[in-house]
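# Coordinate inspection notes
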Amino acid sequence: MKLNERGLLVVLSGPSGVGKGTVRKALFDMYGSDFTYSVSMTTRDMRPGEVEGKDYYFVSKETFEKKIAEGGFLEYNFFCGHYYGTPMEKVEEALLTGKELILEIEVNGCRQVKEKMLDAVTIFIVPPTKEILYERLRRRGTESQEEIEERINKAKAEFGLAYQYDYIVVNDTVANAADRIRAIIRAEHARTKRSIYKYYEMVGDGSEQ
Ligand code: 5GP
């Protein structure tokens, strides 16, 4: 029995190329019915194999900037030449369902979420070594040489930000990383601050003795 019935807002973050997307997909394959994914909006071009509304909502710069002006994002950032943001209305809808809501965003966006949603659980995903990450970015084949170098430089700066997160998870194997994230979410549900009210409903707070 779960004492905390509200879904958690879980932010998966970390340098570009670390495998956030792959780990997130594995998490959904293993425990999908417990989770909802927050599909981000972006102005970057669609990559081969990506699906509108599943990987991202692909929009123009004008549409994105209009939504910023309307206050329509929980967080957003301009990253390597493109906008990325978390649409507010989806977050509100998802949290009402009681499922865990997973956001997969970069570090600047994560900081904004933490400021607005004090209860959010933030997880920094790191590679086993820096070299593995640089190699992955170079071999991914989805960005130009210039973009790859920009992402590598960004990653170098982002490694130092791990201390801002609630948890650090090493992506040594995708299955291990997904398991660790599941364990973190389970433990977070059991935290006293999340379960104490339901607990008092069940057993009283002891004041009647
Ligand atoms: P990519 O172009 O590789 O899909 O994403 C580039 C970076 O943007 C990744 O680190 C990804 O996690 C991040 N990202 C994706 N969606 C969002 C979002 O909604 N907000 C922010 N701040 N970053 C995002």
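The sections below set out a description of the structure shown in this document. Remember, predicted model here, so these are calculated numbers, not experimental data. (Residues numbered from 1 in each chain as written. Predicted model: local features only at pLDDT ≥ 70, side-chain atom pairs only at ≥ 80, totals over all residues. Heavy atoms only, no water.)

## Quick notes on helix H7 (residues 174-189)
The cut-off we apply is this: Comment: elements are numbered from the N terminus, with helices defined as DSSP H or I runs of at least four residues and strands as E runs of at least two. To estimate the expected span of a helix, subtract one from its residue number and multiply by 1.5 Å. Three labels apply to residues, based on accessible area from a 1.4 Å probe with only protein chains included: buried if under 20% of the type maximum, exposed if over 50%, partly exposed otherwise in between. As used here, the arc is the angular range of directions from the helix axis to the C-beta atoms.
For H7, built from 16 residues, the straight-helix expectation of 22 Å at 1.5 Å per residue is met to within 8% by its first-to-last C-alpha distance of 23 Å. Among the residues of H7, Ala177, Ala178, Ile181, Arg182, Ile184, Ile185, Glu188 and His189 are the ones counted as buried. Buried residues of H7, viewed axially, fall in a sector of 160°; they line one side.

## So, the sheet that holds strand E6 (residues 82-87)
This is how it is decided: We call two strands paired when DSSP finds no fewer than two bridges between them. Throughout, an axis means a line fitted to C-alpha atoms (over the contacting stretch in the case of helices), and angles, computed between N-to-C directions, take values from 0 to 180 degrees.
The strand order E4-E3-E6-E5 describes an open sheet built from four strands, whose pairing is mixed. Of all the strands in the sheet, the pair left with one neighbour each is strand E4 (56-58) and strand E5 (73-79). Taken over all neighbouring pairs, the strand axes of this sheet differ in orientation by 25° on average, direction set aside. Sheet topology note: the E5/E6 ladder contains six bridges and is antiparallel. Of the residues in E6, the one forming a bridge with Phe79 is His82.

## Quick notes on the pattern of salt bridges
Spelled out, the test is: Salt bridges are identified by distance alone: a Lys or Arg side-chain nitrogen within 4 Å of an Asp or Glu carboxyl oxygen.
Summed over the entire model, instances satisfying the criterion amount to 17 salt bridges. A salt bridge links Asp55 to Lys25; the nearest nitrogen and oxygen atoms lie 4.0 Å apart. Taken together, the residues span a long stretch of sequence, with Asp55 in the loop between strand E3 (40-42) and E4 and Lys25 in helix H1 (residues 20-31) at a distance of 30 residues. Asp55 gets classed as buried once you look at its relative accessible area, which sits at 14%. Since its relative accessible area comes to 41%, Lys25 is described here as partly exposed. With its nearest N and O atoms 2.6 Å apart, the salt bridge here joins Arg194 to Glu188. Taking the relative accessible area as the measure of exposure, Arg194 reaches 10% and is therefore buried. Glu188 gets classed as buried once you look at its relative accessible area, which sits at 4%. Sharing partners across several salt bridges, the network here consists of Asp119, Glu188, Arg191, Lys193 and Arg194.

## A few points about the pairing of strand E1 (residues 9-13)
Buried residues dominate E1, accounting for five of its five residues. Burial along E1 is two-sided: Leu9, Val11 and Ser13 facing one way and Val10 and Leu12 facing the other are all buried. Of the pairings in the sheet, the one linking E1 to strand E7 (residues 100-104) comprises four bridges and is parallel in character. Bridge pairing in E7 places Val10 opposite Ile102. Direction of pairing for E1 relative to strand E8 (residues 121-126): parallel, over a ladder of four bridges. Bridge pairing in E8 places Ser13 opposite Phe124.

## Some details on the packing of aromatic side chains
We apply this condition: Here is the rule: rings of Phe, Tyr and Trp (six-membered ring for Trp) pair when centre to centre is within 6.5 Å. Planes less than 30 degrees apart are stacked, more than 60 are edge-to-face, and the remainder are tilted.
Taken as a whole and judged by the stated rule, the model has 13 aromatic pairs. Here Tyr56 and Tyr84 contribute two aromatic rings whose centre-to-centre distance is 5.9 Å and whose plane-to-plane angle is 55°, an arrangement assigned as tilted. Taken together, the positions of Tyr56 in strand E4 and Tyr84 in strand E6 put the pair 28 residues apart, joining distant regions of the chain. Considered together, Tyr56 and Tyr84 belong to a single accessibility category, that of buried residues. Relative to Tyr76, the ring of Phe64 has its centre 6.3 Å away and its plane inclined at 70°; by these criteria the two rings are edge-to-face. Of this pair, Phe64 sits in helix H2 (residues 61-69) while Tyr76 sits in strand E5, placing them 12 residues apart in sequence.

## Considering the side chain of Arg24
Selection rule: Identification of polar contacts relies on pairs of N or O atoms within 3.5 Å, with a donor-acceptor requirement for protein atoms, meaning one able to donate a hydrogen and the other able to accept it, and with residues adjacent in sequence counted only if both atoms are side-chain atoms. Whether two residues are in contact is decided by their heavy atoms, any of which lying within 4.5 Å being enough.
As for its placement among the helices and strands, Arg24 is situated in helix H1. Side-chain polar atoms of Arg24 contact the side chain of Glu104, separated by 2.9 Å. Ignoring anything within four residues of it in the chain, the contact list for Arg24 reads Leu12, Tyr37, Ile102 and Glu104.

## Brief notes about the packing of H1 against H7
For clarity, the threshold we go by: Orientation labels follow simple angle bins: below 35 degrees gives roughly parallel, above 145 gives roughly antiparallel, 65 to 115 gives roughly perpendicular, and whatever is left gives oblique. Definitions for this section: a left-handed crossing has its near helix turned counterclockwise from the far helix by less than a right angle. A right-handed crossing has that turn clockwise. Residues are grouped as follows: Ala, Val, Leu, Ile, Met, Phe, Trp, Tyr, Cys and Pro are nonpolar; Asp, Glu, Lys and Arg are charged; every other residue, Gly included, is polar.
Interhelical geometry of H1 versus H7 gives an angle of 65° and a closest axis separation of 9 Å. Taken together, the axes of H1 and H7 lie roughly perpendicular to each other. As H1 runs across H7, the sense of the crossing is right-handed. Contacts from Thr22, Val23, Ala26, Leu27, Met30 and Tyr31 of H1 reach H7 at Val174, Ala175, Ala177, Ala178, Asp179, Ile181 and Arg182. Residue composition of the contact of H1 with H7, by class: 10 nonpolar, one polar and two charged.

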